[in-house]
Amino acid sequence: MKVLIFNGALERRENATSERLTRYLYEQLQKQGVEVTVFKIADSGIPLFDVSLQNTPKSVELMNHIFRDADVHIWITPLYHGSMTGVMKNCLDWLQYSANMPKPYLTGKLVGLMCWADGVQAMQGINAMDSVAKALRAWTAPLSIPIQRNELFNEEGEISDKYGKRVNMLIDLLLQSSFKRV
């Protein structure tokens, strides 16, 4: 089984929320014995979506391959003005490149969604990602994780028990559902 962690944040700092959450997800998935790929939008080189381009950028071809090759996705993003980051949405728009393929976009993929915010509005980012995932013909998990950032980490700087349990529940749900679908 192949799992993709799609990190939609532009942060590159090792101690950034997106990096710490990505590492935690990666470690938990590795314990499950699945193949894990991390796609960080900050390192992707994905250009602004432009349907008028004559040639598809190599970074877009690679991204399409990575996204379509994974059996399960976990998308993570900070809340930006009531939604996912703009660069994350831009990246997902490039799945248009697969429109004429036998199974276009993310047809039949299972996607878990996580968003964090400084307040209690992270569900808005989840809703935005849910709409896009469904428009791309993916299935979203019936469990998503809206996160209050000030509760995400404990005093030692590790994922709090509260969110660790939720992440592990999401991972279990995604892996069990995916195995049943195969």
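Scroll up a little and you will see the structure.
In this report, we go over the structure that sits alongside the text. Since the structure is predicted, the reported quantities are computational estimates derived from the model, not experimental observations.

Overview of the overall build of the protein chain
Secondary structure assignment for the protein chain yields five helices and six strands. Overall, the protein chain shows an N-to-C arrangement of helices and strands of β-α-β-α-β-α-β-α-β-β-α. For a compact globule of 182 residues, the expected C-alpha radius of gyration is about 16 Å, and the protein chain comes in at 16 Å, within 12% of that figure. Here the C-alpha coordinates of the protein chain stretch approximately 50 × 35 × 25 Å along the principal axes. For the protein chain, the residues scored as buried account for 48% of the 182 residues in total. Both charge centroids of the protein chain, one from 20 positive and one from 19 negative side chains, sit 6 Å from each other.

What about the environment of Glu14?
Within the secondary structure, Glu14 sits in the loop between β1 (2-7) and α1 (17-31). Measuring from C-alpha to C-alpha, the distance between Glu14 and Ala70 comes to 25 Å, with 56 residues separating the pair along the chain. Dropping the residues within four chain positions of it, Glu14 is found in contact with Glu19, Arg20 and Arg23.

Here's the deal with the pairing of strand β2 (residues 35-40)
In regular strands, side chains alternate between the two faces of the sheet. Across six bridges, the pairing between β1 and β2 is parallel. Directly across from Ile5, in β2, lies its bridge partner Val38.

Remarks on the nonpolar core
Counting 31 residues, the largest nonpolar core has Phe6, Phe39, Phe67, Trp75 and Leu92 as its most contacted members. The greatest single-element share of this core, amounting to six residues, is contributed by helix α4 (residues 122-135). Not counting the four nearest positions on each side in its chain, Phe6 is found in contact with Phe39, Ile41, Phe67, Ile74, Trp75, Ile76, Met88, Cys91 and Leu92.

Focus: the packing of aromatic side chains
Per the stated rule, a full pass over the model turns up five aromatic pairs. Between Phe6 and Phe39, the aromatic rings sit 5.8 Å apart at their centres with planes inclined by 65°, giving edge-to-face as the arrangement. One end of the pair, Phe6, is in strand β1; the other, Phe39, is in strand β2, with 33 residues separating them in the sequence. We note that Phe6, like Phe39, is buried. With a centroid separation of 6.1 Å and an interplanar angle of 90°, the aromatic rings of Phe6 and Trp75 are classed as edge-to-face. With Phe6 in strand β1 and Trp75 in strand β3 (residues 72-78), this pair connects stretches of sequence that are 69 residues apart.

Some words on helix α2 (residues 58-69)
Think of an α-helix as 3.6 residues a turn; residues three or four steps apart then line up on the same face. Taking 1.5 Å as the rise per residue, α2 with twelve residues should run 16 Å; its terminal C-alpha atoms sit 16 Å apart, in good agreement. If you check which residues of α2 are buried, you get Ser59, Val60, Met63, Asn64, Ile66 and Phe67. One face of α2 carries all of its buried residues, which in axial projection span an arc of 165°. At its buried positions, α2 is contacted by β1, β2, β3 and α3 (86-93).

Looking at the environment of Thr85
Positionally, Thr85 belongs in the loop between β3 and α3. When its relative accessible area of 2% is taken as the criterion, Thr85 is described as buried. The contacts of Thr85, once residues within four sequence positions are left out, are Gly8, Ala9, Thr77, Pro78 and Tyr80.

Reading the values: the criteria
- Residues numbered from 1 in each chain as written.
- Predicted model: local features only at pLDDT ≥ 70, side-chain atom pairs only at ≥ 80, totals over all residues.
- Heavy atoms only, no water.
- Helix = DSSP H or I, 4+ residues; strand = E, 2+ residues; numbered from the N terminus.
- Rg over C-alpha atoms; globule rule 2.2 N^0.38 Å.
- Buried < 20%, exposed > 50% of the residue type's maximum accessible area, 1.4 Å probe, protein only.
- Lys, Arg positive; Asp, Glu negative; His and termini not counted.
- Charge placed at Lys NZ, Arg CZ, Asp CG, Glu CD.
- Contact = heavy atoms within 4.5 Å.
- Pairing = 2+ DSSP bridges.
- Core = buried A, V, L, I, M, F, W, Y, C linked by side-chain atoms within 4.5 Å.
- Phe/Tyr/Trp six-rings, centres within 6.5 Å; stacked < 30°, edge-to-face > 60°.
- Expected span 1.5 Å × (residues − 1).
- Arc of directions from axis to C-beta.

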